[in-house]
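Report on the structure
Chain residues, written in single-letter form:
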Amino acid sequence: MEKRLRKKYLRLIEEMNQKSQLRLPAIPALVDCFAIMMSEEEADFLLAVGQAHYSVDDLQRFSKRRGDDWQYFIQRIFAEGFLWMREVHGQQVAELAPIFPGWIEVALFRKEITPQRLQLLDKFQEILRMEELLNLPPVRMYWTWAKRKKLEQQPPTMTIAANGGRKKLVLNQKLQSGDSHSVETAGEIQKLLQQYGTEGQLALVHCFCRNISRLKGYSCHFHLPLEACIMVGSFAKQMVDYGIGRFITLEEAQALVQECQRKGAVHTVFHYGLDTTQPEIGICNCCWDCCCLFGSYNAGGLSNIAVRAHYKAVLVAPELCNGCGVCERFCPTLATGFDKAQGQVWLKDELCIGCGQCVDKCGRGVRALAAEERDVYTPTLPKHKARNHNFVGSSHA
């Protein structure tokens, strides 16, 4: 790669990193990702767009192309996810996409993958594997400290939304076995689906994480479907317009969420810029087997989870636990389980993200969900506690 072109990609990495709270280091593997997918002309165009947002028609000022030639060019820019559409002050505008989660995900959403996209996947896998290699005690200690300090100054990166139809305990009530102070809630996930579903703004795409696992020869331990990510709003329309996703009805979305809930998914809501104060962009039905968030954490990567939770699990009848271990198998953050030596169930409140899987899978009523909005940060998992050796970023994979 020419030095001149490399400098352009480095500048663009800096620009795109400003679009997200997750800023990727400009290591050679990341620069290679840009070189694989993006021409110099496209890089120049995106650098000209910069941090501002524009209508699609206004974007033409940054290119010499006209007519059909311009249409082909700008359609590729959107189809590859280099620019994202969003609503600002009631107007649909385009702006630079972040890197990851960002355009790299869009490039690998597709079920049919070209040799070019396989090259991208190989380079991205190098980046993921670096997380595991760097998970050494001194690095992990500094990383955890630095991330905690950063999170004190910014909102969480994503939201965990509970599904409806399960018993929830009213906050600030005494928690006892058989507590009568309970309510049924539709859950944040259902509210979100209804918000966008009534306006026909739900689109289904292939799960990026499950797709790259499939391409590397692995199948989901939880048997979750490949088409499992629901895009919402303006981004949903972009995914459909450029042949990446398809519109689905509210009823189809609700059925998918129910299926994924039964199989063990965590409903993770992503926002523009990985900033929970910004509008939602999509709902991912994640698992700790495939997911680049939970999977990397459970694989012992230099990774952590920073989310806004609306619920937390509480022990209401620990004496009913029979030690089957199903709660620990489904918990994405290793926040609960059974201590065989002590003969008792345990739960680490500070690691619980309120996904509800331990409540959902336990048939003995040991736990319930209590409504409590809070920000949860899980420190990086030491390598010896890793349990996911099939993750694409793992050295075992």
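Scoring rules and cut-offs
Residues numbered from 1 in each chain as written. Predicted model: local features only at pLDDT ≥ 70, side-chain atom pairs only at ≥ 80, totals over all residues. Heavy atoms only, no water. Helix = DSSP H or I, 4+ residues; strand = E, 2+ residues; numbered from the N terminus. Buried < 20%, exposed > 50% of the residue type's maximum accessible area, 1.4 Å probe, protein only. Salt bridge = Lys/Arg side-chain N within 4 Å of Asp/Glu carboxyl O.

**A short note on unusual backbone geometry**
Here the amide bond leading from Phe-100 into Pro-101 is cis, since omega sits at -10°, within 30 degrees of zero. Along the chain, Pro-101 falls in the loop between strand S2 (91-96) and helix H5 (103-107). Not every positive phi belongs to a glycine, and His-89 is a case in point at roughly 50°. Notably, His-223 is not glycine yet its phi reads approximately 60°, a positive angle. Relative to the elements of secondary structure, His-223 occurs in the loop between helix H9 (208-215) and strand S7 (227-232). Classification of His-223 as exposed rests on a relative accessible area of 60%.

**Thoughts on the pattern of salt bridges**
Enumeration over the complete set of coordinates arrives at 22 salt bridges. Among the salt bridges present, the one from Glu-2 reaches Arg-4, with a minimum N-O distance of 2.4 Å. Arg-4 sits in the partly exposed class, given a relative accessible area of 41%. Of the charged contacts in the structure, one is a salt bridge between Lys-8 and Asp-44, with a shortest N-O distance of 3.0 Å. Here the residue Lys-8 occupies a position in helix H1 (residues 3-17), and Asp-44 occupies one in helix H3 (residues 40-49), the gap between them amounting to 36 residues. Residue Lys-8 is classed as buried on the basis of its relative accessible area, which comes to 16%. Taking the relative accessible area as the measure of exposure, Asp-44 reaches 33% and is therefore partly exposed. One salt-bridge network, in which partners are shared between bridges, spans Glu-2, Arg-4, Lys-8, Glu-40 and Asp-44.

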